[in-house]
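Structural overview for review
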Amino acid sequence: MTPEEILRLFNAKNMDYSWSFARYKPSDTGKWTHDYHRYPAKFIPQLVERLIDEYVRCKDAHINDPFYGCGTTVVTAISRGFKASGTDINKISYLITKVKSTPIEPAYLDQKIKHFLAKIKCLKDNQKTLFHTGNIEPLIPEKHTERINYWFTEENRIELGKILRIIYEEKDETIRDFFMVAFSHILKNCSIWLQGSTKPTRDFKKKCTKPYDALREHLIRMQKGSSEFYKLVPQKVRGNINDYLNIKIGDARSQPVPDESVDLVVTSSPYVTSYEYADLHQLSTIWLDLADDLREYKKEFIGTSYKRYENKELRSKIARDIVYKMTERNHKTAKEIEAFFIDMGEVFDESHRILKDGGRCCYVIGDTRLKGVDVLNAEVFAESIQYSGFRLDRIIKREIPSKILPQKRDEKTGRFASNDNANSQAYPVEYIVIGLKEQ
Ligand SMILES: C[S@@+](CC[C@H](N)C(=O)[O-])C[C@H]1O[C@@H](n2cnc3c(N)ncnc32)[C@H](O)[C@@H]1O
């Protein structure tokens, strides 16, 4: 389809309310292991389930997500007994997704959690809080001490450091990782990070949650989800998870996945200059010691404001028009948008390489507005997948069902803001752009 035809198609597109999943409650969207860890812009499992229902015909399918985030697609694929592969550049994503998609025998997990909680409770009971317990040295990663002091009160950082030391004593890697995900999840509430903010802002008046209490509560919730997930996963997968799970910390533009081996790609991409994932997860990154240099690490993310290209060209005409309009308003933002669409073009090429003939790629994406310019992400994706070899098969227009995404974004900065402070809509609707790799 020509760029003009694509623009007309999107203009005429009606909302398909059957894809809103409006009747689902948070307990449905957060079922099994889906609620282990907060993650910005995660999509709901029901969306992935329906795409699999509609497009996967074989029993031994292979599902891929180039931007697996907190693993919604990966967990869903494993729950059905399919192979799952994917990449994410965010190191904490890898930990979360691995833990969420690895079934653990419930009785064994129960015993491990009880033992772990008894250990830290005993430390706590001896004295008033873990903070006052003298006999265990807190584990605070040395190179990040300054950042940890910046984000945590003395009492909480000592208590967290002691808990972390006990987590590292666990010899079974699967269990240790399980505890680390719980630990990572509670960090935000235990810090002085302004509640509800997607920007790294401190709130000196915040009443921070106590680490032990938060961890205990969250572990019990995770245990319940884990047990439900375990029962769902077919026996053949449970015993051989490494044969089914191929997820890596890496770049979506070059995945360690063989040519023509994938049946379906289901993903939601990053957005240009919206979330700085590296910033957002910095509490986990510093405590779990996941990056040496936060600044360098940030540059590898697609959609980041740290990126620009001088020698690469945009294939999409719709994208070139957006960049042209933005150049008149703000040169730096124009270069960021250009870099984003160039990177995404390479991601589409990669999806085409790994898909079997007859396979489909499904990209979930919303349009947005930055500095007064409409950034037609979905239209650009629909045009661009064609240059990677796909036939534009289907476009689904849907309402965003959950409150996970802040609904508004600030027009000046283009960043998400709370609904009260923003003066522009973020993603009230989004699209699923579906490409078919023809035989
Ligand atoms: C919208 S989120 C995906 C959320 C996911 N669908 C879920 O349900 O959790 C986009 C993801 O792209 C990742 N990302 C950004 N740049 C990347 C790159 N170059 N390669 C792989 N992943 C990247 C971010 O870390 C983030 O996790």
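Residues numbered from 1 in each chain as written. Predicted model: local features only at pLDDT ≥ 70, side-chain atom pairs only at ≥ 80, totals over all residues.

Thoughts on the overall build of the chain
Which entries qualify depends on this criterion: To qualify as a helix, a DSSP run of H or I must reach at least 4 residues; to qualify as a strand, a run of E must reach at least 2; elements of each kind are numbered from the N terminus. Between the buried cut of 20 or more and the exposed cut of 12 or fewer other C-beta atoms within 10 Å of a residue's own C-beta lies the partly exposed class, and all C-beta atoms are placed from the backbone. A residue pair is marked as a contact if its C-beta atoms, positioned from the backbone, fall within 7 Å.
The number of helices and strands found in the chain is 18 helices and 12 strands. Expressed as a percentage of the 439 residues in the chain, the buried residues total 47%. The long-range share in the chain, meaning contacts at least 24 apart out of those at least 6 apart in sequence, stands at 75%.

Some words on unusual backbone geometry
Positive phi outside glycine occurs at E260, with the angle close to 45 degrees. The residue E260 is located in the loop between β3 (245-249) and β4 (262-268) in this model. Overall, E260 belongs to the partly exposed group, with 13 C-beta atoms counted inside 10 Å. The phi dihedral of D289 is positive, around 55 degrees, even though this residue is not glycine. You can see D289 is positioned in the loop between α14 (282-287) and α15 (294-299). By the C-beta count within 10 Å, which is 15 here, D289 ends up partly exposed.

Observations regarding the environment of R38
Position of R38 relative to the elements: it lies in the loop between α2 (26-29) and α3 (45-55). Sequence spacing of R38 and C70 is 32 residues, and the spatial spacing of their C-alpha atoms is 8.2 Å.

Quick look at the sheet that holds strand β1 (residues 62-65)
Spelled out, the test is: The pairing criterion for strands is at least two bridges between them, as found by DSSP. Only the stretch in contact is used when a helix axis is fitted, and all axes are lines through C-alpha atoms; the angle between N-to-C directions ranges over 0 to 180 degrees.
Across the sheet, which stays open at both edges, the seven strands sit in the order β3-β2-β1-β4-β5-β12-β8 with mixed pairing between neighbours. Each end of this open sheet is capped by a strand with a single partner; those strands are β3 and β8 (391-399). Across this sheet, the average inter-strand angle for adjacent strands is 15 degrees, counted without regard to direction. Direction of pairing for β1 relative to strand β2 (residues 83-88): parallel, over a ladder of four bridges. The residue bridging I63 from the neighbouring strand is A84, located in β2. Of the strands in this sheet, β1, β4 and β5 (355-365) are in contact with helix α17 (residues 331-354), which crosses β5 at around 150 degrees. This element, helix α18 (residues 377-387), spans β5, β8 and β12 (429-436) of the sheet and lies at about 5 degrees to β12.

What to know about the confidence of the model for the chain
Test applied: For every residue, the predictor states its confidence as a pLDDT score lying anywhere from 0 to 100.
Taken over all residues, the pLDDT of the chain has a mean of 90, while the share at 70 or more is 90%. Predicted confidence is poor over residues 403-409, with pLDDT under 50, and the contacts of this stretch with residues over four places away or in other chains come to 29 contacts.

With respect to the packing of helix α16 (residues 317-329) against α18
The following threshold applies: Here is the rule for angles: anything less than 35 degrees is roughly parallel, anything more than 145 is roughly antiparallel, 65 through 115 is roughly perpendicular, and the remaining ranges are oblique. Gly is placed with the polar residues, together with every amino acid not listed as nonpolar (Ala, Val, Leu, Ile, Met, Phe, Trp, Tyr, Cys and Pro) or charged (Asp, Glu, Lys and Arg).
At a minimum axis separation of 8 Å, α16 and α18 run at an interaxial angle of 140 degrees. If you check the angle between α16 and α18, you find them oblique. Where α16 abuts α18, its residues K317, I318 and A319 lie against E379, V380 and E383. Taken together, the residues of the contact of α16 with α18 break down into three nonpolar, no polar and three charged.

What to know about helix α5 (residues 91-101)
Extensive coverage of α5 is indicated by the burial of nine of its 11 residues. Regarding α5, the residues found buried are I92, S93, Y94, L95, I96, T97, V99, K100 and S101. Each element contacted by the buried residues of α5 is listed here: α4 (72-79), β2, α9 (173-190), β3 and α14.

Things to note about the packing of helix α1 (residues 3-12) against α18
The following threshold applies: By convention, the crossing between two helices is left-handed when the near helix turns anticlockwise from the far helix through less than a right angle, and right-handed when the turn is clockwise.
Close contact between α1 and α18 brings their axes to 10 Å; oriented N to C, the two are set at 135 degrees. It follows that α1 is oblique to α18 by the angle criterion. Crossing of α1 over α18 shows right-handed handedness. Facing α1, whose interface residues are P3, I6, L7 and F10, α18 presents A378, E379, A382 and E383. Partitioned by chemical class, the residues of the contact of α1 with α18 number six nonpolar, no polar and two charged.

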